[in-house]
Structure formats: structure tokens, C-alpha cells
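# Structural characterization, general
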Amino acid sequence: MYRLVLCYLLLTLLMIGSVEAASNKTLVTINDTKYTTQDYRDWWGIWQDPGMVFPPDPQGFIDYLLFVEEGRQMEYDLTPEYQRKLKVFLTVRALSALKTEEVDSKIKITEKQIRAYFANNYAPIWSMQILTYADQAEAQAAADDLQPFNGQKAGRLVFADRAGVAVEAGGPLNYDELAVDPATISKTKNEHWLPVITKLQKWYVSEPFFLESQDKYVVIRMDDINEDPGDEALEKRRQLIRRKLARQAGGRLTAELMRRLKKEYHVEIDEELLAKVKLQDDYSEEILKKSVVKMDGMAFSVGLLIQNMKDQLPLRSKLPEEQLKRLVVNAFISQTLTNNEALSRHYEDRPPLKALYDFYSDNSLRKALESGIKKRIKVSSEEVKNYYDNNPSLYSESAKISYAVIQGDVDLMNKISAAISRGDDFFDQAQAYSLDAKIKTVAVDKIRPILQVELAKLEKGEIGGPFAFGAGRAVVKLLKRVEGKRASLEQVRGKIKETVTKEKFNAAKAVYLEKLRSRAKIVVNKGVWKKLKKEYVK
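Described below are features of the structure shown in this document. No experiment lies behind these values; they were computed from the predicted model shown.

Conventions used here
- Residues numbered from 1 in each chain as written.
- Predicted model: local features only at pLDDT ≥ 70, side-chain atom pairs only at ≥ 80, totals over all residues.
- Heavy atoms only, no water.
- Salt bridge = Lys/Arg side-chain N within 4 Å of Asp/Glu carboxyl O.
- Helix = DSSP H or I, 4+ residues; strand = E, 2+ residues; numbered from the N terminus.
- Buried < 20%, exposed > 50% of the residue type's maximum accessible area, 1.4 Å probe, protein only.
- Phe/Tyr/Trp six-rings, centres within 6.5 Å; stacked < 30°, edge-to-face > 60°.
- Lys NZ or Arg CZ within 6 Å of the ring centre and 35° of its normal.

## Brief notes about the pattern of salt bridges
Enumeration according to the criterion identifies 32 salt bridges in this entry. In this structure, the salt-bridge partner of Glu322 is Lys278, at a minimum N-O distance of 3.2 Å. Of this pair, Glu322 sits in helix α14 (residues 321-344) while Lys278 sits in the loop between α11 (271-276) and α12 (285-288), and the two are 44 residues apart along the sequence. Judged by relative accessible area, which is 27%, Lys278 ranks as partly exposed. Residue Asp389 pairs with Lys385 through a salt bridge whose shortest N-O separation is 2.9 Å. Remark: Lys385 and Asp389 occur in helix α16 (residues 381-390); sequence separation between them is 4 residues, near one turn of the helix. Residue classification places Asp389 among the partly exposed residues on the basis of a relative accessible area of 38%.

Take a look at the structure:
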């Protein structure tokens, strides 16, 4: 039995290996380098634009690889510009991968946590009546007057009109009703309400308390307390609660990561030196070079601290200098630690970042090579003028016609045409029969053919028709003809130069590609391509 199981496992592993091998066979060989179907999938997944049709052959992939390899042969990958772009790209993507690995993937929000958060922040719901007074003595008098109604449900009516006069009859306007939960109070930054509200029983009146945000004294009567708003109220807030809990968990995990990294990279802050740094003071070169922060492989000098503080001043002018100083130091530490740690993990060597990083580094080589080709292209003034002379329609505005047309059934149009021929106004007739006669200004080549024919017969101000138009008849009035105008050479010189440069670049690129193809030994596995194409067409 054991042997049977072992044989089955071995057979299964062999089958899995053969399936993977079949799905990742060599598709193209260029010189001695083999590129598999997975290489193509990775490339096409990023290269394609939305809606792009899968190509009939792998020539685009081959041309791309030829340019990449040529860029590498010409050592574009050793240039400072290339290295800088690659590092910036990798740092951003690696930081995202670090966040996913150390923070996002570890956030687990349970149903118990959601319900506990809801219970603490959205329950109970307090329904209250509120009176506000500018004078403390008046507020106290109101509270005293209402004490006899404590515990009585009918007290709500007395509270709304403690003077016995309804609001609509000129009673107190300082009355309000409100239904709130702890989250609402926190959101409105009225946390000092909580000690009063939480002690207040149903149908009881509070002692006056001062509300700083309105500079008034407040008296509250608790009309109702809903201890359990129910599952329906929870469902309305479920996603909001989940996001808040995720942010809280993310903050904790990020803080834990920073504490661990500070220890691993041996971060030290010279607190004594930091306390002495002042923006308004001048320092010698020796002091400016001293390190406020030290860590493995990195330091933050007094000079850099001062420069960063000055850079932040326009955005944080109201922040005290000591807080600004600490903010800059903490930002340097967190950014440096996360950058170094993210890069040290080499996410670019494994999925999911590997395919994207490989594409970006290769595509940057392709672009560098194309940029080199483009830099060698020169466009003379004579070439610009020749292009302008040979393509007059490209830089000319079409002739336009302004006209108005009314349409309807045969009898109505005949009646209107007869009235106009007797001297009635075109627009008056349209208005008399509630017909739409809007004035339109349209390029001649954009007008419907039947209208073009009728308008061609007319001079300015003349009326034509009735003529067949859609399911009925129409009458048209020609208001104005505007002749087409050609832009001057100076107005379009820049655009023409761009166009000619692009055309010459495409031609030079095609010649360059043909040269690369002729030098390379290229072998395409047509059977593998056929299967890959079938996979994508499905």
C-alpha cells in the first residue's frame, strides 16, 4: 500500500511538472538567449493598452527585446540618469511591498471587534432637548424651574415651553432637539458633553454647563436612551467601522515596525545637540557637519536639519519651532529606515514585483535607445516649409455656414413657405407654429448632404424649400457664409517640426530595427506561439 501511495505521489509531481513545463516553453530564441511563454505573458500584461487586440505574431515582442539588448550593449544601463530612475521606481514599489508584508497582510478584523467598536461608539443613542442661554443665572433659573418635572414623560412639553408660551406664539427660540451617539459627539469635538450626558437619566434635567464653542450655557433634558440601536444600524456602519479598525491596526503595526527597525539599524539621536539647534542662529561649518541622528550607514547633520526645517516652514508656519524640529527628525528617521529596509529585502527578485521591475528596467533601456535615435534627428526650416506647402488642408479651418432650418409635415411646410413668399418673416412663422428654428454655425463638410445641396442654391438672407427632409419637409434660411482660413507658417511651425521629427524618427527607428534583425539569429517556435495565441484569443 505504501509503495502504491508513493508511486501515486511521484506520478502526480511529474504530471504537475510537465504541465508547468508545457505552459512555460521556449517561445523565442534571440542569439543564445531563450524567452519563454511566461516571459511573453509578463511583457504583454504590462505592454498592452486597454482594448488592444492580441497580435498575429510575436514580432512586436522580438523588436522590443532587440531594442532592450541594444540599449544594454550601448551601456545605457550604466548612465546616472538610468540608475536614478530605476532606484526611484524600485524604492516606491519596494515601500509598497514592505507595507503589504509588514502591515496590510497582518490586519485581521473580526466580527467581535466590529461589534465591540459599534457598541462603544454608536450606542447608546441619546435623544435630548436642549436650552441655551447667554447668562448663567438665567440658565440656572431654567434648570431649577424644570426640576419638578424630573422623571415625567410629559416634561418634554414643559421643557419646550417652560414659560407656557409656544414657539409659534412668541415663546423661547433657544430650544433644540438632538439625537446623538458617542461617535457624533467625538466628531463634533464636544467631548465635554459626555460627562453630563452619561450621568443623566431618562426624563431628567441636567445642571447648566458652559459650551465654549458657542459661548453659551446649556441645559439638557434626556428624552430617551436607546441602549441597543440594533443590527440594522450596525450594518449601515459596518464598512466604516472596518476601515477605522484597519487604520487603527495599521497604525499599531507601523509603530511596531518602526520600533524594531530603530533597534536593528542602531538609531541614535543626539538630544543635547538637537536641543541647541535654532533656526535663527548662525553655525560654523564644523557644527553644521555634526550628526544629530546616526544609524547604520546613514547620518543626519545639523545643516540638513536646518535646511529641512526651512523647507517645511511655508507649510507649517504655525507650528512651534521645537515641534517642527522633532517632526523633521522623525520624518528623516522613518523615511530612511523604511527605504533601507524595503530595498534590503530585494522584492524585485520575486513575484509579484519581479515581472513589473524587469519590465520597467528593460523598457527604460528601450526608451533610452529611442531617445538616442531621436537626438540625432535634425529638422531644417526648409523641411518645415515644404511640409506646410505640401499639406495645405492640415492647417486650414473649414469654411462654415450659418443657417436656420424648420421642419414639419408636407401641408404645414407648404403653408409656411407660401406665407414667407408673401413677405412674412421666417422666424415669425416658426414661432407662430411653435417650431424650433435655432441658428446653427457648422463646417461645410459637416452639414447633411441634402442641406448642402439646398444651401448651395442660396445667397445670404435667402430662403429655400420646402424640400424632402427626413420623414417630412423643411424650409431653410442662409444667414452667413464664413470662408475657410489657413494658419500662417509661423503659427504652426512648432507643430510641423514635431510632426516631421516624429516621421523621421519612425523611419530611422525602422531602419535601425532592420539592422538589428539582420545581425541577430532569431528562432520562433511557431507551435508554441500558436498555443499561446489560442490561449489569449479564448
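Further notes follow.
## Considerations on the packing of aromatic side chains
A complete count under the given rule lists 23 aromatic pairs for this structure. With a centroid separation of 5.4 Å and an interplanar angle of 80°, the aromatic rings of Trp44 and Phe54 are classed as edge-to-face. Of this pair, Trp44 sits in helix α2 (residues 37-47) while Phe54 is found in the loop between α2 and α3 (59-73), placing the two residues 10 residues apart along the sequence. Here the two residues Trp44 and Phe54 agree in accessibility, since each one is buried. Arranged with centres 5.4 Å apart and planes meeting at 15°, the rings of Phe54 and Trp529 form a pair that is stacked. Of this pair, Phe54 sits in the loop between α2 and α3 while Trp529 is found in helix α21 (residues 526-537), placing the two residues 475 residues apart along the sequence. The class of Phe54 is buried, set by a relative accessible area of 14%. Taking relative accessible area as the criterion, Trp529 reaches 7% and is therefore assigned buried. An aromatic cluster of at least three residues, connected via ring pairs, comprises Tyr35, Tyr40, Trp43, Trp44, Trp47, Phe54, Phe61, Tyr64, Phe359, Trp529 and Tyr536. Cation over ring: Arg486 sits above Tyr388, and NZ or CZ is 3.7 Å from the ring centre.

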